[in-house]
Structure formats: structure tokens, C-alpha cells
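Chains, contacts and geometry: an overview
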Amino acid sequence: MLILECPYCGVTGEETEFHGGGEAHIKRFGPGSSDDDFHDYLFTRENPFGVHFERWRHVSGCGKWFHAARCTKTLEVFGTYSAQTTEPPSDLRAAISDKRPGWTWREFS
Amino acid sequence: MSDHVTSALAGAAFDGFVQLREAGACGMITLRGDFSSAVFQKAVGEVAEGAGVPKTRQITTAGDSAVAWMSPDELLIMCPHAEAPARAAALAQALSGEHALAVNVSDARAVFDLTGAGSREVLAKLCPVDFAPGAFKQGEIRRTRMAQVAAAVWMTGPDSFRVVCFRSVAAYVFGLLQASAQPGSEVGVFADT
Ligand SMILES: [Zn+2]
């Protein structure tokens, strides 16, 4: 069971009050992009055993979408942050480095 | 129009180890906009008898009105059912120059009242929320999951709660509360707190 804190209403709730929205920070490739880019945009995902970044929605609460950084190995949640960003905030990345030295996820570390 | 209004379950009632009553028709206005705007704050106060824009996860009351914090850009204004159309129109008028939206949604939801010392426990059986006396207090509103559906809960007195859910799941939520308040099913988890 994950315990997530919604950055919009401040509720610290258990997973069943939220709904997972898949991998975070996916760059969209739309009309005019190459077939390979469009294929990766639709289908290629990280599926890590360790540090992962996801989108979540506070579906039974305030209804807002946000981002979460967590560990798929231990279910530890490193932190949650605003949906209005295209990459994990640097302070959160530093906090993850303290706990998981040497972690990488896509171009982030 | 308003004299033909019926609430979702026509005043269903159950007496368990707490009293469960479906409240009658309740006026509700969904208001979205920028809480920091002075025009927005003034409009809310004028239409809600002086009840101000609540802080995060709080509910304010004045007279027959209540203003509940639903999300960072959404309030739920409650008032007598018959007054909701006029108050929604007054809000729309006051906010005509703002990026805001006021809609009368009075018939969208069902409203239940729980009364009695075991009310916290009835809710704690159904929601993933800490309802201990020190953790959940009057003035707070919590939107959460009640068994399999979304609901919102706040206190109307030291031992009483109001529960709202969507009208389409009114019978389901009434059944949940009824089962949770069944005599003999008391756990007494908050008895000493
Ligand atoms: Zn939230």
C-alpha cells in the first residue's frame, strides 16, 4: 500500500483514495513526428525496479493530477510534486540521491 | 418548481447505534474561480450571508449558508434549495468580468446526517481517514472514498456529521451507513479518546 500526499489539498492518504495515471514526464510526439518517435511515445515505458516517477490523481479527493516519485522495490514514496512541471524538481532528486545513491531514470539522476 | 423537489431517497431514515437521516433537498452551487481575487471573495461573502472563502479543506458557515473547500479552484456553496437558482445567478452576475463559473447543482447530490456519539466510528469503518477526535475536527471537510464511491464529510456538531455523495449512488451510501451503524456492530475504537 502506498501512502501519498496530495500537493494540492495536503491530504496524506492511502493509495485507494487516488488513481494511478502511468509514467510521468512523457514527451508527446504528435502529427508530423517520425514513426519511431510516435511509437515510443505510445508504447515505450521505463518499467524500473527501483526509482520511478509517475502521474497520480486525487480521484476521490480534490480531483487534481500530480506527480509522485517512488521506489517500485520497496513502495517507499520519495515525494509528490505539482503537475505543472516537465521534470522532477531538483530538491526531490537530491533527496532521492541521499537514499538511493547512483539512481538513474531516463535522462535524470 | 421547488415545491415538487424530492431528495434522492425521500427522507430515508435508520436508527442504529447512531441516527441516520437523509437530509431534505439542499441547495448547492459549484463555484470555480481564483480564490485570491478580491472580486471573487466579495461575491462569495455576499451570496453566502458573510461566510468567507474557506482555507484549504475547511468549511465556513453563516446563517443558512455554508461554503466548502473542494479543490484549489472549486468551492461548494450550500443554501436553502429554493434560493439556489437566484444565488447562482447573483454569483454569475457579480463575477461576470472574472474567469469564474457558478452553476446550480442542487439536484446532483444526496445528503445524509449522522447524529450520536458513535458517528466517528460509523465513518471510520467506511473511509480511509483518521476520524479520531484529535485528528478530525469541526470546521474541516474531507473529500474521500466511502467504500467504493467518492463522498465528502464534515461535522455539524460535536457528535454529528453530514455526508454528501452523488445522487446516483445515494441508495448505496445509505446502505453503507446503515450497515456501519447496525446495533451490535460497535467497535468502540474512539470510546476512550
Ligand atoms: Zn488532493
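Residues numbered from 1 in each chain as written. Chains lettered and ligands numbered in written order. Predicted model: local features only at pLDDT ≥ 70, side-chain atom pairs only at ≥ 80, totals over all residues. Heavy atoms only, no water.

The subject of this paragraph is the interface of chain B and chain A. With 16 residues of chain B at the interface, the matching set in chain A holds twelve residues. Taken over both partners, the interface formed by chain B and chain A buries close to 1000 Å², and the fraction arising from carbon and sulfur atoms is 50%. Counting every contact that joins chain B to chain A gives three salt bridges. Glu14 of chain A is the partner of Arg145 of chain B in a salt bridge, and the nearest nitrogen-oxygen pair spans 4.0 Å. Taken together, chain B and chain A are joined by seven residue pairs in polar contact (both at pLDDT 80 or more). Going through the elements one at a time, strand 5 (65-71), strand 9 (141-146) and strand 10 (149-157) of chain B are the ones with two or more residues in the side of chain B that touches chain A. Top element by residues in the side of chain B that touches chain A is strand 9 of chain B. It accounts for four residues. Residue composition of the side of chain B that touches chain A, grouped by class: seven nonpolar, three polar and six charged. (Contact = heavy atoms within 4.5 Å. Buried area = accessible area lost by both parts, 1.4 Å probe. Salt bridge = Lys/Arg side-chain N within 4 Å of Asp/Glu carboxyl O. Polar contact = N/O pair within 3.5 Å; in protein donor to acceptor, adjacent residues only side chain to side chain. Helix = DSSP H or I, 4+ residues; strand = E, 2+ residues; numbered from the N terminus. Nonpolar A, V, L, I, M, F, W, Y, C, P; charged D, E, K, R; others polar.)

As a further point, take the environment of Ala62 of chain B. Residues and elements named next belong to chain B. Its place among the elements puts Ala62 in strand 4 (residues 59-62). When the C-alpha atoms of Ala62 and Asp107 are compared, they prove to be 22 Å apart, with 45 residues separating the residues in sequence. Among all residues touching Ala62, those that are not within four sequence positions of it are Ala48, Glu49, Gly50 and Ala51.

Moving on, we get to the sheet that holds strand 4 (residues 51-57) of chain A. Residue and element names in this part refer to chain A. Taken together, four strands build an open sheet; the order of strands is 3-4-5-6 and the sheet is antiparallel. The outermost strands of the open sheet, each flanked by one partner alone, are strand 3 (19-23) and strand 6 (77-81). Across this sheet, the average inter-strand angle for adjacent strands is 30 degrees, counted without regard to direction. Set on the sheet, helix 2 (residues 90-99) makes contact with strand 4, strand 5 (65-71) and strand 6; between it and strand 6 the angle comes to about 180 degrees. (Pairing = 2+ DSSP bridges. Axes fitted to C-alpha atoms, helices over the stretch in contact; angles between N-to-C directions.)

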